[in-house]
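Inside the fold
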Amino acid sequence: MTLPTELWLPIFEYLPPWSLRNVVLTSKKFHAVAIRLLYKHLILTSPTSFVTAHSTLSSMQPSPHALLLSISPLVRTVEQLQEAVAVVSFDGLKPITTVSANINNRRLQSTGSIFSENKDTYQPSLVADITLYNTLLSQVTSFTSLRQLVFRGMILPSNFHSIIHDFPHLRDLAVVHCTVPFVRAPPDTDHTSLKIETLTLLDIRATSRSDDDDTNIPRTRLRLLAKASTLRTLTYDHTIWVHRAFTSSSPSPPLTALDVKFPAQKDRPRIPLGFISFLETLPSLRTLILRNHVPALSLSSRALPALCAMSAPFSAITSLCSNRSIVKLDIRDEVVLTPLYKAFAEVHSNLSMVQELSLFVGDWEDELILAVVAHFPNLTKLQIRYARKEPSEDTIIGMGSRTLYALPYLVSVHIFCIPLPPPPQNFLETNLDDNTAYGAPGIDDTYFQSMHDIDPDTDTSPEQDNSDDDYDIAWNRACPGLRTVQLHPGWVWRRADPTDFWVARPCESGIFGDVFESPPCLS
């Protein structure tokens, strides 16, 4: 008990929550230290919740490792705050009487907005008054042990760029669905000294609209976060085009993972200025994710030499697979089989190293399995989602003995039908994005949700299918290495080893391809 608090705190950080609970009950001194670690993840998304928790946070002085923040001050000129109905202070709530006029004004401007109204769910109904907001920022800057920080659905603080330098241990920073305020004399902050390893910038808005992203100074300054020398994983979208922050004289840090979301509209410009040259300056990039509509990318054969995990629309697959040793491949959009077979043939020599394959086809054809076996001999995981038609029972039973037996390393097979979303009823619904894998892991994470929303509770259960015994016998005999088989979107069959019995288990909600998880890339 002679150790000072500063030493007990890092020791207790190694304990799991249930052990921390016991430490809290041990003594008053240990209670004062360990209680701070029980609040490793804080979520402050409403000013009323902060008012309630303020006294506790002030007295306890927690040391959270992760914080999700979604509280904005009242700024009447910001479009994102036009739905606010009340201002919260330490004394209570005060209604905003001009809300009707603000809403009408926003609706008049909605058709000119670059953000789809039916997707804009990050408009807070409660905002903080200036005293409460300053108290909040003061509390946040006291969390010097933060490793993960997420700003979501709010207007960023005017001193945002200096605030993030108050966290010496910050490694994961995300700014999503946020408005960047205009600052008349912004300080010249150097972000190269930041120690962040993961940066996410999505749906970045500004107080003044501009179709030319480079003329919007607040958004342009936000790009400079990517100049952190330790950055390895970068996620951004078409509202900010972070790659424009890099030039030949100021190249990007050695990224290993890149996730870029292009516009959903097919009629908008496809390839932003400088994107190709940016990719060609990433020799250490191992994982590349491209979302929505992306055309073929004309990369040189020497670009992306370390690339081994890729997720992209079919239109970009051929150009990206050529002359590269891809280990994990995910084709994100619906493909037509004839062009797919042609693409497989064009890059056949580059597909032999693929170990995990995930693709989505519109109409099922039995020949698809033959094509997969022919072009991907080293597969360990296979996922095929289809929307229409289906394999016959004879095809399913014979799939092991007739085709998949030729894949000696195969351990996981997922072949199932998924429902397509209904056709759009109006022009606003045509703006749907591939909106997965955003946000910092561990806080409101939707990393493995499908681009097509799949209901894990399907109408087929293992008890209702009487042909499963036939499947078991066929798969056991032909594919002894298999451990997981999924033939329906709602449940899977698993076994521990070849002598174990197959057991049906509910399928987790995230059944999308796992090409983004630490790919076993070749050195």
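Let me begin by describing the structure that accompanies this report. These numbers come from a predicted model, not from an experiment. The written sequence of each chain sets the order in which its residues are numbered from 1. Residues qualify for local features only when their pLDDT is at least 70, as the model is predicted, and side-chain atom pairs are given and counted only at 80 or more; totals for whole chains, interfaces and linings, by contrast, use all residues. Note: side-chain values were computed over all heavy atoms of the structure, leaving out hydrogens and water.

This next bit is on the overall build of the protein chain. In this description a helix means any DSSP run of H or I spanning at least four residues, a strand means any run of E spanning at least two, and both kinds are numbered starting from the N terminus. Scanning the protein chain from N- to C-terminus turns up 15 helices and 19 strands. Per-residue burial for the protein chain yields a buried fraction of 50% across its 523 residues. Under the convention used here, a 1.4 Å probe and the Shrake-Rupley method define accessible areas, while residue burial counts only the protein chains that appear. In the form shown here, the protein chain has an accessible surface area of approximately 24400 Å², with 54% of it arising from carbon and sulfur atoms. Categorising residues by exposure relies on relative accessible area from a 1.4 Å probe, with only protein chains included: less than 20% of the type maximum marks a residue as buried, more than 50% marks it as exposed, and the intermediate range marks it as partly exposed.

On the secondary structure map, H65 appears in the loop between α4 (47-60) and β2 (66-69). With a relative accessible area of 15%, H65 lands in the buried category. Through-space distance from the C-alpha of H65 to that of L37 is 8.7 Å; in sequence the pair is 28 residues apart. Residue contacts follow a heavy-atom distance rule, with two residues in contact if any of their heavy atoms lie within 4.5 Å. Not counting residues up to four positions away in its chain, the partners in contact with H65 are E13, K40, S145, L146, R147 and Q148.

Moving on, we get to the sheet that holds strand β3 (residues 86-89). In spatial order, the strands read β4-β3-β5; together these 3 strands make up an open sheet with mixed pairing. The sheet terminates laterally at β4 (92-95) and β5 (126-128), the two strands that pair on one side only. Ignoring strand direction, the axes of neighbouring strands in this sheet form an average angle of 35°. Two strands pair when backbone bridges link them, and β3 and β4 are joined in this way by 4 bridges, in the antiparallel orientation. Note that in β4 the partner of V88 across the bridge is L93. Pairing between two strands requires that DSSP report at least two bridges joining them. The axes used here are C-alpha line fits, helices contributing only the stretch in contact, and every angle between their N-to-C directions lies in the interval 0 to 180 degrees.

The patches reported here contain residues having more than 30% relative accessible area and no salt bridge. Joining distances are 9 Å for like charges and 5 Å for nonpolar side chains (Val, Leu, Ile, Met, Phe, Trp, Tyr). Any carboxyl oxygen of Asp or Glu that lies within 4 Å of a side-chain nitrogen of Lys or Arg is treated as forming a salt bridge with it. Taken together, the side chains of L3, L7 and I11 define a hydrophobic patch exposed on the protein surface, amounting to about 230 Å² of accessible area. Assignment of secondary structure puts L3 in the segment before α1 (5-12). Here L3 falls in the partly exposed class, since its relative accessible area comes to 33%.

As a further point, take the side chain of S311. Note that S311 resides in strand β12 (residues 309-312). Pairs of N or O atoms within 3.5 Å make up the polar contacts considered here, provided that, within protein, one atom can donate a hydrogen while the other can accept it, and that residues adjacent in sequence are counted only when both atoms are side-chain atoms. At 2.8 Å, the side chain of S311 and the side chain of R332 are in polar contact.

Now for the pattern of salt bridges. By the definition in use, this model includes 8 salt bridges. Between D259 and R291 there is a salt bridge, and its shortest N-O distance comes to 2.8 Å. With D259 in strand β10 (residues 257-261) and R291 in strand β11 (residues 287-291), this pair connects stretches of sequence that are 32 residues apart. One salt bridge in this structure joins D330 and R385, with 3.9 Å as the shortest N-O distance.

What follows covers the packing of aromatic side chains. We call Phe, Tyr and Trp rings a pair once their centres come within 6.5 Å, taking the six-membered ring for Trp, and we label the pair stacked below 30 degrees between planes, edge-to-face above 60, and tilted otherwise. Applying the stated criterion across every chain yields a total of 11 aromatic pairs. A centroid spacing of 6.4 Å and a plane angle of 80° characterise the contact between Y236 and W241, whose relative ring orientation is edge-to-face. Look at W241 and you get buried, because its relative accessible area is 8%. Judged by centre distance (5.6 Å) and plane angle (75°), the rings of W491 and W493 are edge-to-face. W491 sits in the buried class, given a relative accessible area of 4%. What makes W493 buried here is its relative accessible area of 15%. Through pairs of rings, three or more aromatic residues link up here, namely Y236, W241, F262 and F275.

On to the environment of H375. Within the secondary structure layout, H375 lies in helix α13 (residues 367-375). Among the residues examined, H375 registers a relative accessible area of 14% and is labelled buried. Between the C-alpha atom of H375 and that of S349, which follows or precedes it by 26 residues, the distance is 8.4 Å.

Right, let's get into unusual backbone geometry. If you check the backbone angles, L304 has positive phi at about 50° while not being a glycine. Within the element layout of this structure, L304 appears in the loop between β11 and β12. Residue L304 is classed as buried on the basis of its relative accessible area of 1%. Backbone geometry places N323, a non-glycine residue, at a positive phi of 65°. Along the polypeptide, N323 turns up in the loop between α10 (314-321) and β13 (328-335).

Our next topic: the packing of α4 against helix α6 (residues 130-141). Contact pair α4 / α6: the axes reach a minimum separation of 11 Å and the direction vectors enclose 50°. Relative to α6, α4 is oriented oblique. As α4 runs across α6, the sense of the crossing is left-handed. Residues P47, F50, V51, H54, L57 and S58 of α4 form the contact with α6, whose own contacting residues are L132, T135, L136 and Q139. For the contact of α4 with α6, the class distribution of residues is 6 nonpolar, 4 polar and no charged. Any angle that is under 35 degrees is reported as roughly parallel, and any over 145 degrees as roughly antiparallel; angles of 65 to 115 degrees are reported as roughly perpendicular and all others as oblique. In a left-handed crossing the near helix is turned counterclockwise from the far helix by less than a right angle, and in a right-handed crossing that turn is clockwise. Amino acids are sorted into nonpolar (Ala, Val, Leu, Ile, Met, Phe, Trp, Tyr, Cys and Pro), charged (Asp, Glu, Lys and Arg) and polar (every other residue, Gly among them).

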